[in-house]
Amino acid sequence: MEFMMSDTTCHMSISLDGFVAGPDQSRESPLGNRGRELHGWHIGDPRANDADRIANGWLMRPRGAYVMGRNMFGPIRGDWDEDWSGWWGSEPPYHAPVFVLTHHRHDPIPMAGGTTFYFVTDGFDAAYSAACQAAGDKGVDIAGGASTVRQALAAGVIDELTLDIAPVLLGSGERIFDGVDFDFEPVEVLHSPLATHIRYRRIS
């Protein structure tokens, strides 16, 4: 599929052994067993330093639209049999259209602050194309989770990939690099006791 290209980013916290979430994800533990250990650099660990604050600025910079998988949007599987509008409360942090990959149709969910969740049943290419059209020149972010990032990497649409590599070994869980090529080069590296932040750009 030909896309109306928009500068596309992806920013993921990852363990040393390549997992972006631990095993046994659930409503009570959305990041899986020990998955929160990957995110201490931006969720209040007192050891966070200026490098972590800069990387958090990269993570939170406004984008024109987002693409995420249904597993990231919420814990419901199969048909939408309950009212659910995401993990983030009444005003999610996106403030832009978010296109959610799913196999089950759902009406859009408008939220406070400018976020509207749209549900796309035609696959990654359709969701990404819709996000590019919605974003215009403000850029698209691939928000996760692992399967959605793998699809974006396989499609070759990510221009900038930032990895926050936490000094943690999870042993199992959700990977993003299985079965994909890594066509990126590092352009900036920051570090703290909690993570090594590496910002990559796609090799043209």
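Residues numbered from 1 in each chain as written. Predicted model: local features only at pLDDT ≥ 70, side-chain atom pairs only at ≥ 80, totals over all residues. Heavy atoms only, no water.

The name given to the protein chain in an unreviewed UniProt entry is Dihydrofolate reductase, with Actinomadura luteofluorescens as the source organism.

**Q** I would appreciate a short explanation of helix α1 (residues 50-60) in the present structure.
**A** For an α-helix, 3.6 residues make a turn, and residues three or four places apart therefore share a direction. Taken residue by residue, α1 has Ala 51, Asp 52, Ala 55 and Trp 58 as its buried positions. Buried residues of α1, viewed axially, fall in a sector of 110°; they line one side. Residues of α1 that are exposed and angled more than 90 degrees away from the buried face: Asp 50 and Arg 53. Looking at the packing, one finds that the buried side of α1 touches β1 (8-15), β8 (160-166), β10 (184-191) and β11 (196-202). Where α1 starts, the residue carrying a side-chain oxygen 2.9 Å from the main-chain nitrogen of Ala 51 turns out to be Asn 49. (Buried < 20%, exposed > 50% of the residue type's maximum accessible area, 1.4 Å probe, protein only. Helix = DSSP H or I, 4+ residues; strand = E, 2+ residues; numbered from the N terminus. Arc of directions from axis to C-beta. Contact = heavy atoms within 4.5 Å. Polar contact = N/O pair within 3.5 Å; in protein donor to acceptor, adjacent residues only side chain to side chain.)

**Q** So what exactly am I meant to see when it comes to the pairing of strand β6 (residues 116-120) here?
**A** Each regular strand carries side chains that alternate between the two faces of the sheet. Within β6, 4 of the 5 residues are buried, leaving the element largely enclosed by the surrounding structure. Note: strand β4 (residues 97-101) against β6, 5 bridges, orientation parallel. Bridging across to β6, Val 98 finds its partner in Phe 117. When strand β5 (residues 109-110) meets β6, the two strands line up antiparallel, connected through 2 bridges. Note that in β6 the partner of Ile 109 across the bridge is Phe 117. Between β5 and β6, which pair antiparallel and follow one another directly, the connecting turn spans 5 residues, one of which, Gly 113, has a positive phi of 85°. (Pairing = 2+ DSSP bridges.)

**Q** When you look at the pattern of salt bridges in this model, what are you seeing that I'm missing?
**A** Two side chains that carry opposite charge are able to pair once their charged atoms sit near each other. Going through the model one piece at a time under the given rule, you end up with 12 salt bridges. Where Arg 53 meets Asp 50, a salt bridge forms, and the shortest distance between an N and an O atom there is 2.7 Å. Of this pair, Arg 53 and Asp 50 are both found in helix α1, 3 residues apart, which corresponds to roughly one turn of the helix. There is no split in this pair, since Arg 53 and Asp 50 are both exposed. Ionic pairing is found between Arg 61 and Glu 160, a salt bridge with its closest N-O pair at 2.4 Å. (Salt bridge = Lys/Arg side-chain N within 4 Å of Asp/Glu carboxyl O.)

**Q** I'm lost on the sheet that holds β4 in this one. Help?
**A** The strands making up a sheet are joined through hydrogen bonds of the backbone, oriented either antiparallel or parallel. Spatially, β5-β6-β4-β3-β7-β1-β8-β11-β10 is the arrangement adopted by the 9 strands of the open sheet, whose pairing is mixed. The open sheet has two edge strands, β5 and β10, and neither has a second partner. When β8 meets β11, the two strands line up antiparallel, connected through 6 bridges. Residue pairing across strands places Thr 162 opposite Arg 199, the latter belonging to β11. Most of the contacts of helix α3 (residues 124-135) go to strand β3 (residues 65-69), to which it runs at about 160°, and overall it touches β1, β3, β4, β6 and β7 (140-144). (Axes fitted to C-alpha atoms, helices over the stretch in contact; angles between N-to-C directions.)

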